[in-house]
Amino acid sequence: NESGIITDFRAAKRLIYEGCVSDEARGEVWRCLLSVHNHSHSHRQKSYRNQILAEKYKTIKSKVPNPEFDPDSYVLFSRAVSEIEKDCGRTDSHNPLISGQDNPNQAVLKRILINYFLHRPEVGYVQGMSDLLVPIFSCCQG
């Protein structure tokens with residue numbers, strides 16, 4: 001509705017399944033499906049949540065290990081970044097959204113995967129995560 005609330009989430013899921021979500025609404029709908037936003041929250045509540053998530057993102061980005069103080073963690077981080085860079089270059093090369101060496105979306109994919117590595121070091125990075133990210137990234141571009 002005009003407040004940003006999805007009043008009938010079951011119906012919204014059905015529309016998604018049937019491919020009837022407009023390009024303008026697709027990003028917001030996927031954010032609800034992925035539990036980034038609660039479908040019953042208003043635009044104002046979602047905006048507040050975005051502010052909280054932006055702060056959390058800054059905290060995650062600040063976790064890059066310092067090679068002088070934590071050389072072991074820095075080596076693991078460097079290896080993960082190298083793997084991410086290789087994999088992103090090979091991912092979905094036929095998809096115009098991310099294809100091409102100078103495509104700015106390549107940098108976005110890399111940044112997302114590096115930050116995931118920093119956020120969940122116990123999971124780390126494994127080959128193929130970039131392949132899983134591209135469909136989600138594509139849907140959230142709306």
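A. Fine view of the overall build of the protein chain. A tally of regular secondary structure across the protein chain gives six helices and zero strands. Seen along its three principal axes, the alpha-carbon backbone of the protein chain occupies a region of about 50 × 35 × 25 Å. The 142 residues of the protein chain split such that 29% are buried. Restricting the contact set of the protein chain to residue pairs at least 6 apart, pairs at least 24 apart contribute 59%. Taking the 18 positively charged and 17 negatively charged side chains of the protein chain as two groups, their mean positions are separated by 5 Å.

B. Broad picture of the confidence of the model for the protein chain. Of the residues in the protein chain, 99% have a pLDDT of 70 or more, and the chain-wide mean is 86. The secondary structure element of the protein chain with the lowest average pLDDT is helix H2 (residues 23-33), at 77, and the one with the highest is helix H5 (residues 104-119), at 92.

C. Structural view of the pattern of salt bridges. Overall, the coordinates contain four salt bridges when judged by the stated rule. For Glu83, the salt bridge goes to Lys86, with nearest N and O atoms at 3.0 Å. Here Lys86 and Glu83 lie together in helix H4 (residues 71-90), a separation of three residues that amounts to about one turn. Judged by relative accessible area, which is 32%, Glu83 ranks as partly exposed. Where Arg90 meets Asp87, a salt bridge forms, and the shortest distance between an N and an O atom there is 2.4 Å.

D. Spatial organisation of the layout of surface pockets. Estimates place the volume of the largest pocket at around 1200 Å³. Lining the largest pocket are 23 residues, and of these Val36, Tyr57, Ile112, Leu133 and Ile136 sit closest to its centre. Of all the elements in the fold, those that place two or more residues in the lining of the largest pocket are helix H3 (43-61), H5 and helix H6 (129-139). Broken down by element, the lining of the largest pocket gets its largest block of residues, seven residues, from H5. Per-class residue counts for the lining of the largest pocket are 15 nonpolar, four polar and four charged. Approximately 190 Å³ is the volume found for the second largest pocket. If you trace the second largest pocket, you find it lined by Lys63, Pro65, Ser73, Leu76, Phe77, Arg79, Ala80, Phe117, Leu118, Pro121 and Tyr125. Counted by class, the lining of the second largest pocket contains eight nonpolar, one polar and two charged residues.

E. Representation of the side chain of Ser130 within the structure. Tracing the backbone shows Ser130 in helix H6. Ignoring sequence-local partners within four residues, the contact set of Ser130 consists of Asp87, Cys88, Thr91, Leu113 and Tyr125.

Reading guide: rules and limits
Residues numbered from 1 in each chain as written. Predicted model: local features only at pLDDT ≥ 70, side-chain atom pairs only at ≥ 80, totals over all residues. Heavy atoms only, no water. Helix = DSSP H or I, 4+ residues; strand = E, 2+ residues; numbered from the N terminus. Buried < 20%, exposed > 50% of the residue type's maximum accessible area, 1.4 Å probe, protein only. Contact = heavy atoms within 4.5 Å. Lys, Arg positive; Asp, Glu negative; His and termini not counted. Charge placed at Lys NZ, Arg CZ, Asp CG, Glu CD. pLDDT = per-residue confidence, 0-100. Salt bridge = Lys/Arg side-chain N within 4 Å of Asp/Glu carboxyl O. 1 Å grid on protein atoms, 1.4 Å probe; cavity = no way out; pocket = protein on both sides within 12 Å on 5 of 7 lines; lining within 4 Å. Points joined across faces, edges and corners; volume = space filled by probe spheres on them. Nonpolar A, V, L, I, M, F, W, Y, C, P; charged D, E, K, R; others polar.

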